[in-house]
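# Coordinates in review
Each chain, letter by letter, is given below.
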Amino acid sequence: MRVEKKSLSWYLTAIALGIAVLLPLLAGMSYHILNVAIIMVIFILFSSAWNFLAYSGQASLGHAAFFGIGGYVSTLIARSAGLPPFATILAGGCVAAVIGLLLGLTCVRLKEWFLAMVTFGFAVIVQAVVASPLSATTGGWDGIISPRLLPADLPGYLLYEYYAILAITILSIVCIHLILRSRAGLAFAAIRENETEAQAAGINPVRWKLLAFTFSSFLTGIAGALMVHHISFISPEIFHAETSFWPVIYSIFGGLGTISGPVIGTVILTVLWDGLKELGLTYERFIVIGLLLIIVVIFLPRGLVSLPEVLRERFARKKG
Amino acid sequence: MALEFDILLQVLFWGLYAGCIYILLATGLNLIFGVMKIVNFAHGELLMLGAYITATVFALSGLNPYAIILLTMLVLGLVGIVIERLCFRPILGTGKLNEIFLSLGLIYVFQNGVALIWGDERQVLNSPYQTVTVPVGAIQLPLDYIIIIVVTVLILAGLSLLLRKTSLGKAIRATSQNRKGAMIVGINVERMDMISFGIGSALAAAAGTLWVVSGQVFNPYIGSIPAIKAFSIVILGGLGSIPGAIVGGLLYGIAENGAAYFLGGIWKDSISFLILIIVLIFRPTGLFGESGE
């Protein structure tokens, strides 16, 4: 009765998809649960986008910049041109991608902490620019109202929104999967493991790193636009460091450099987070998340997805 | 013209004062980096904890706040040693990204632990000298600022003496220069890791004490931005270079206060990162850095 490894992961994917599609029915259309689920799905997309960049060895601490840029561009175009947000989220993603490409160009020679610092600082700078010199268009610190993704008078509005966002997220993850399975994925892994050796093997690291930066920013911009249209408000608070940290935490918790890692990490931590909130814990839940993060980094550096493997190894060692 | 000169002097002085905090943080980070080759991004949380401990001891005892600095440094030095033993030693050599991620976890634990104990409202400590000013030229300088600059110089001089004249300091420097070589000559490098982490944390505690006694507002979230700036100062000045940290700290302090005064407060944080990005575009290893990564 041994299930093939590949078919096992297919089964798990199918089950996860089934739950995602049926969730609104299981949840009895509760407004609260649907709301949490929408935000969770957006963060799955955001974390997957961050993780895509990390796959090429580049860990950004400033993805809030692209998240916010996507949100602002989409909102501003939707408001001024009267276009449906469904069309403008693409514009948000594209502008975020262009800016990501430019930041990628400055970062291409930087690694690890240097890259982390520059990306973190970039989000701080973008926040200042949006809040101050551009305040005439962006509304400054007061923020602006953002149109809803679908006409809000639709009956069962949230349900449609949930499925729309779910579809976009699934599509994006499939894209990430296809890219990582192609030559690009091999190149990313080679660069991540050893850039000099990758270069010796004829891989041009600059080209691939820029590709990773651009596509990751694009997806992050889309995620940001979806979030902003969902909560129908945007202010420079979106560029706060915490926005940058969540996808990092989710991805590490689930498993860095895997497709399922960010998904699993986001789902488990969101459930835990909201569960602790229900218990009335505010600061404690941050402490729990922080401790979990430390424990995972020390004891389970490849994240929760590696847990079965680690346990099996332990078990086998004890037996042998 | 005279007026403008006064303003410049004032801005310069604010910068000098702000620079002191950065220098203490950056020197600590640099010391730890030199020995362990790791970076604790949660370094600013130690500043924040130091600020709370000083404020609490001050409220309980009513001692002169400047006298509490040694006690706070001692406490945070011990906290630093615990962090090193429990968190950073297990991940030593497992990749640089892990340090960043682990520090993120520490940031959450410290910020919210403090918020749980002391609440997260903004607080201010009233220094006994807060109304005393010293005239320098045409401007009035708060006495607190002058004391802070003097205290920082004293701490740095003490650190320099420790590193240059004592056998412990020589062992720390040896480990920093060549870990394997230090091991061969019989230095317990793990002990050096622990001690340098402790000293670095104590320096952050000193920065936190100076932060509160100068009458700056504090809450559990004050640490992150100064620490990240301190780290970018470390990068700017070159990893492991303490003179670089001092020059960078002063540069940042002055540039920030200049930007805040001439361009508006919102630019205060951005200007330092702008400097960092521009420097790194042209010199990816920092101003005084050699080979780097």
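## Some thoughts on the overall build of chain B
- A count of helical and extended segments in chain B gives eleven helices and two strands.
- Its helices and strands in sequence order give chain B the pattern α-α-α-α-β-β-α-α-α-α-α-α-α, from N to C terminus.
- Computed over C-alpha atoms, the radius of gyration of chain B comes to 19 Å, within 12% of the 19 Å expected from 2.2 N^0.38 for 293 residues, which places it in the range of a compact globule.
- The dimensions of chain B, computed from C-alpha atoms along their principal axes, are 60 × 50 × 35 Å.

## A closer look at the overall build of chain A
- Counting secondary structure elements, chain A contains 14 helices and two strands.
- Relative to the 2.2 N^0.38 estimate, which gives 20 Å for 320 residues, the radius of gyration of chain A is 20 Å and therefore close to what a compact globule would have.
- Along the first, second and third principal axes, the C-alpha atoms of chain A reach 70 × 50 × 35 Å.
- Out of the 320 residues in chain A, the part that is buried amounts to 48%.

## So, the environment of Asn257(B)
- Summarising the element assignment, Asn257(B) is placed in helix H10 (residues 242-262).
- Each C-alpha atom, one on Asn257(B) and one on Leu60(B), is 34 Å from the other, the two residues being 197 residues apart in sequence.

## Focus: the pairing of strand E2 (residues 139-142) of chain B
All names here are of chain B.
- Examined bridge by bridge, strand E1 (residues 133-136) and E2 share four bridges and lie antiparallel to one another. Bridge pairing in E2 links Thr133 to Pro142.
- Count of turn residues in the E1/E2 antiparallel hairpin: two residues, of which Gly137 carries a positive phi of about 60 degrees.

## What to know about unusual backbone geometry
Residues and elements named next belong to chain A.
- Of note, the phi angle at Ser232 is positive, near 50 degrees, even though the residue is not glycine.
- Following the sequence through the fold, Ser232 ends up in the loop between helix H10 (205-231) and strand E2 (233-234).
- What makes Ser232 partly exposed here is the crowd of 14 C-beta atoms within 10 Å.

## Quick look at the packing of helix H6 (residues 167-177) of chain B against helix H8 (residues 189-213) of chain B
Residue and element names in this part refer to chain B.
- Contact pair H6 / H8: the axes reach a minimum separation of 10 Å and the direction vectors enclose 105 degrees. Judged by the angle between their axes, H6 and H8 are roughly perpendicular. For the pair formed by H6 and H8, the contact residues are Ala171, Ile172 and Thr175 on the first element and Val189, Met192, Ile195 and Ser196 on the second.
- Along the lines of polarity and charge, the residues of the contact of H6 with H8 split into five nonpolar, two polar and no charged.

## Description of helix H11 (residues 267-282) of chain B
- For H11(B), built from 16 residues, the straight-helix expectation of 22 Å at 1.5 Å per residue is met to within 8% by its first-to-last C-alpha distance of 23 Å.
- Regarding H11(B), the residues found buried are Trp267(B), Asp269(B), Ser270(B), Ile271(B), Ser272(B), Phe273(B), Ile275(B), Leu276(B), Ile277(B) and Leu280(B).
- At its buried positions, H11(B) is contacted by helix H4 (85-107) and helix H5 (112-131) of chain A together with helix H9 (224-237) and H10 of chain B.

## Observations concerning the interface of chain A and chain B
- With 35 residues of chain A at the interface, the matching set in chain B holds 38 residues.
- Only H5, helix H11 (241-254) and helix H13 (283-299) of chain A provide two or more residues apiece to the side of chain A that touches chain B.
- Residues belonging to the side of chain A that touches chain B are distributed by class as follows: 27 nonpolar, four polar and four charged.

## So, the confidence of the model for chain A
- Across chain A, pLDDT averages 87, with 97% of residues at or above 70.
- Averaged pLDDT values for the elements of chain A fall to 76 in helix H1 (residues 5-26) of chain A and rise to 93 in H10(A).

## Details of the environment of Leu78(B)
All names here are of chain B.
- On the secondary structure map, Leu78 appears in helix H3 (residues 69-91).
- Using a count of 13 C-beta atoms within 10 Å as the deciding quantity, one classes Leu78 as partly exposed.
- Between the C-alpha atom of Leu78 and that of Met194, which follows or precedes it by 116 residues, the distance is 9.7 Å.

## Some details on the environment of Ile233(B)
Residue and element names in this part refer to chain B.
- You can see Ile233 is positioned in helix H9.
- For Ile233, a count of 31 C-beta atoms within 10 Å corresponds to the buried category.
- As a C-alpha pair, Ile233 and Leu70 span 163 residues in sequence and 25 Å in three-dimensional space.
- Residue contacts for Ile233: discarding those within four places in its chain leaves Tyr22, Ala26, Ala245, Gly248, Gly249 and Tyr252.

## Overview of the packing of helix H7 (residues 157-181) of chain A against H10(A)
Residues and elements named next belong to chain A.
- Two elements in contact, H7 and H10, have axes separated by 12 Å at closest approach and are oriented at 175 degrees. On the basis of the axis angle, H7 is roughly antiparallel to H10. Facing H7, whose interface residues are Glu161, Ile165, Ile168 and Ser172, H10 presents Leu219, Ile222, Leu226 and His230.
- Each residue belonging to the contact of H7 with H10 can be placed in one class, and the counts come to five nonpolar, two polar and one charged.

Rules and cut-offs
- Residues numbered from 1 in each chain as written.
- Chains lettered and ligands numbered in written order.
- Predicted model: local features only at pLDDT ≥ 70, side-chain atom pairs only at ≥ 80, totals over all residues.
- Helix = DSSP H or I, 4+ residues; strand = E, 2+ residues; numbered from the N terminus.
- Rg over C-alpha atoms; globule rule 2.2 N^0.38 Å.
- Buried ≥ 20, exposed ≤ 12 C-beta atoms within 10 Å, placed from the backbone.
- Pairing = 2+ DSSP bridges.
- Axes fitted to C-alpha atoms, helices over the stretch in contact; angles between N-to-C directions.
- Parallel < 35°, antiparallel > 145°, perpendicular 65-115°, else oblique.
- Contact = placed C-beta atoms within 7 Å.
- Nonpolar A, V, L, I, M, F, W, Y, C, P; charged D, E, K, R; others polar.
- Expected span 1.5 Å × (residues − 1).
- pLDDT = per-residue confidence, 0-100.

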